[in-house]
Amino acid sequence: MQKNDTFHHALIVDDQKCIRCTHCVKVCPTEAIRIVDGNVLIREERCVDCGECVRACPRKAIGIDHDDLGLIHRYKYRVALFPSVFVGQFPERITEDKIYASLLKIGFTHAFEVEQPIGVLKDLIREEVKANKSDVPVISSFCPAIVRLMQIHYPSLTEHIAHVKAPHDLAAYYIVDRLKNKGIDPADIGLFYITPCVAKIAAVKAPVGEEKSIVSGVISPTVIYNKIMAVAEDVPPFDKTKLWKELTKEGIQWGLTHGETWWQNSRTIAVDGIHNAIKFLERLENGEIKNIDYVELRACDRSCAAGVLLEQNRFLTVERLKHRAKRYPSGDKKAMTEDPEKYVVLREKMKTDEIEPCPMLRYGPDMEKAMTRMQRARNIMCHLPGIDCGACGAPTCQALAEDMANGVAKMSDCVFIQQLWQKDNKVEPEKAFVRMEKKWGEKRFDPDCTKIGAKNENN
Ligand code: SF4
Ligand code: SF4
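Residues numbered from 1 in each chain as written. Chains lettered and ligands numbered in written order. Predicted model: local features only at pLDDT ≥ 70, side-chain atom pairs only at ≥ 80, totals over all residues. Heavy atoms only, no water.

Enquirer: What's the story with the overall build of the protein in this structure? I'm lost.
Expert: Secondary structure summary: the protein contains 17 helices and eleven strands in total. Over its C-alpha trace the protein gives a radius of gyration of 25 Å, about what one expects of a compact globule, namely 23 Å for 459 residues. With the principal axes as the frame, the protein shows a C-alpha extent of 80 × 55 × 40 Å. When burial is assessed residue by residue, the protein has 52% of its 459 residues classed as buried. (Helix = DSSP H or I, 4+ residues; strand = E, 2+ residues; numbered from the N terminus. Rg over C-alpha atoms; globule rule 2.2 N^0.38 Å. Buried < 20%, exposed > 50% of the residue type's maximum accessible area, 1.4 Å probe, protein only.)

Enquirer: What should I look at first to understand the site of ligand 1 in this one?
Expert: The local shell around ligand 1 holds 13 residues, among which Cys28, Cys47, Cys50, Gly51 and Cys53 are the closest. For the shell around ligand 1, a count of residues per class yields nine nonpolar, two polar and two charged. (Near = heavy atom within 4 Å. Nonpolar A, V, L, I, M, F, W, Y, C, P; charged D, E, K, R; others polar.)

Enquirer: It is not clear to me how a nonpolar patch on the surface should be interpreted in this structure. Could you clarify?
Expert: Together, Met367, Met371 and Met374 make up a nonpolar patch on the protein surface, roughly 320 Å² of accessible area in all. On the secondary structure map, Met371 appears in helix H14 (residues 367–381). (Patch = residues over 30% accessible without salt bridge, like charges linked within 9 Å, V, L, I, M, F, W, Y side chains within 5 Å. Areas by Shrake-Rupley, 256 points an atom, 1.4 Å probe, with all protein chains shown as cover. Salt bridge = Lys/Arg side-chain N within 4 Å of Asp/Glu carboxyl O.)

Enquirer: What am I meant to see in the side chain of Asp67 here?
Expert: Tracing the backbone through its elements, the reader meets Asp67 in the loop between strand S4 (62–64) and strand S5 (77–82). For Asp67, the side chain forms a polar contact with the main-chain nitrogen of Val218, separated by 2.8 Å. In contact with Asp67, not counting residues within four places along its chain, are Lys205, Gly217, Val218 and Ile219. (Polar contact = N/O pair within 3.5 Å; in protein donor to acceptor, adjacent residues only side chain to side chain. Contact = heavy atoms within 4.5 Å.)

Enquirer: So what exactly am I meant to see when it comes to the pattern of salt bridges here?
Expert: Pairs may arise between side chains of opposite charge once their charged atoms sit close together. This model, assessed by the stated rule, comprises 21 salt bridges. With a shortest N-O distance of 2.8 Å, Glu260 and Arg298 are connected by a salt bridge. Separated by 38 residues along the polypeptide, Glu260 in the loop between helix H10 (249–253) and strand S10 (268–272) and Arg298 in strand S11 (residues 294–298) bring together distant segments of the chain. Judged by its relative accessible area of 1%, Glu260 is buried.

Enquirer: How should the sheet that holds strand S6 (residues 110–113) be read in this particular structure?
Expert: Sheet strands associate in pairs through backbone hydrogen bonding, adopting either a parallel or an antiparallel arrangement. Strand order in this open sheet of four strands is S6-S5-S8-S9, and the pairing throughout is parallel. Either end of the sheet is taken by a strand with one partner, and the two such strands are S6 and strand S9 (217–219). Geometrically, the sheet is characterised by an average inter-axis angle of 30 degrees between neighbouring strands, direction not taken into account. Sheet topology places strand S8 (residues 189–194) next to S9; three bridges connect them, and they run parallel. Residue pairing across strands places Phe192 opposite Gly217, the latter belonging to S9. (Pairing = 2+ DSSP bridges. Axes fitted to C-alpha atoms, helices over the stretch in contact; angles between N-to-C directions.)

Enquirer: Would you take a moment to explain the packing of aromatic side chains for this structure?
Expert: Per the stated rule, a full pass over the model turns up eight aromatic pairs. Judged by centre distance (5.3 Å) and plane angle (90 degrees), the rings of Phe86 and Phe90 are edge-to-face. By relative accessible area, Phe86 is classed as buried at 1%. Members of the aromatic cluster, connected to one another through ring pairs, are Phe82, Phe86, Phe90, Tyr100 and Tyr225. (Phe/Tyr/Trp six-rings, centres within 6.5 Å; stacked < 30°, edge-to-face > 60°.)

Enquirer: I'm lost on the nonpolar core in this one. Help?
Expert: Side chains that are nonpolar tend, in soluble globular proteins, to be buried together. Membership of the largest hydrophobic core comes to 98 residues, with the highest contact counts inside it found for Leu11, Leu81, Ile146 and Leu297. In terms of residue count, helix H7 (residues 167–181) provides more of this core than any other element does, eight residues in total. Counting the residues that make up this core, at least three belong to each of domain 1 (11–64) and domain 2 (69–349). Contact partners of Leu11, with chain neighbours within four places excluded, come to Ile42, Cys47, Asp49, Cys53, Val54, Ile62, Gly63, Ile64 and Val198. (Core = buried A, V, L, I, M, F, W, Y, C linked by side-chain atoms within 4.5 Å. Domains from an automatic or database assignment.)

Enquirer: Quick question: what am I supposed to make of the domain arrangement of the protein here?
Expert: Many authors give the size of an interface as the accessible area that is lost as the parts come together. Segmenting the protein into domains produces domain 1 (11–64), domain 2 (69–349) and domain 3 (367–440). Domain 1 and domain 3 are separated by 21 Å when their C-alpha centres are compared. Surface buried jointly by domain 1 and domain 3 totals about 1000 Å² across both partners, of which 46% is contributed by carbon and sulfur atoms. Among the residues domain 1 hides against domain 3, the three largest losses belong to Glu31, Arg34 and Ile35. Together they make up 39% of the total. One can count four salt bridges joining domain 1 with domain 3. Between Arg34 and Asp403 there is a salt bridge whose closest N-O contact spans 2.6 Å. Viewed at the interface, domain 3 and domain 1 are joined by eight residue pairs in polar contact (both at pLDDT 80 or more). (Buried area = accessible area lost by both parts, 1.4 Å probe.)

Below, the structure is given as structure tokens:
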């Protein structure tokens, strides 16, 4: 299989909305963001699409590159694929059958919860764990932000990532197969994933370990949520018995923390939150984690219930899904063995090739040059104040020193160095100010009473 070796980023910064507050610069766990020439710059080779910057931005200036809902009408058969956490977004009065019926009302011809056939994934993971001969546990491939994090920052761990695709791929293959059996031409089928997070957009547009996803487009959950809320009270009842044959407790909770580990019968651990995941991966890389068979790592706190594109409270979403799951059978009792042949085909489709590392080399690929640059950065650090104020546009003094050593920043970017130079008459105050304006934009330092916390905020 030809594999995709590019990476798609779905973040777009709106320079008109951005106020250069540096909140995003400071929260980014991979130090991917800088302020350059008055604008926010996301360094693609470092970004893992975790969405922390989107969450932190007070101006909603970081937008997401979704597909337009109108795209669905290019297809005769339009399938809405959505994760169970999307169902958990709605208030109790909007029951699951109303959600399904509303999806049909707003233009889809089929609605399918992606975790319905999760039994296939559960079995594949169990088998991979059983076959693992390494001291290092099998690591979940579920969260695309975590997979990307390992590829870039923990490349030695990528060989331990489970070789299974994501539930949305599983659901896509499953529904296409079902529709084909009804005589429908696959060319007429459009599959649209209602994504809870940024990383899953990247996973659809440029899937890791495979050439191309069969999903046709990715739609914003906010757009769909609002449309459903507008029609849900009046939709006719929906015959759910036909659609939810395979939905299980496991499937409904798969996107929550412990969603994968609860069902394993070996020693497992579940870690959520990108900073917790980073700390855990460091220990794993150092060989400090022993006797664990399977590791579930999710970039968001409370996993997909906290997907950055979902607007409802994550704790309520978790509660609703747990409550909902009680009404469904366990997958162990309801294995997908009704049609053993199809089960085998689906299993094969869900396997991925080895996931390749693509390490982000801080100082470039040339080892000799890299050593020289690293030494240069350490020398520069002797002169920087170590305050990590972010006024240079980099998240920390160390990140600025690294940028300087790589030739993409200057000593004059540091406001404290500028002050010292002015004190020692090494630079004219006027010139220092022009440099500041270049970094932060013209008029950035004019009084503005509409800024956050100022007397006319929001006016
Ligand atoms: S998505 Fe995550 S990694 Fe990428 S720039 Fe934002 S905070 Fe950084
Ligand atoms: S967090 Fe601040 S600097 Fe970053 S995009 Fe939003 S407004 Fe701009």
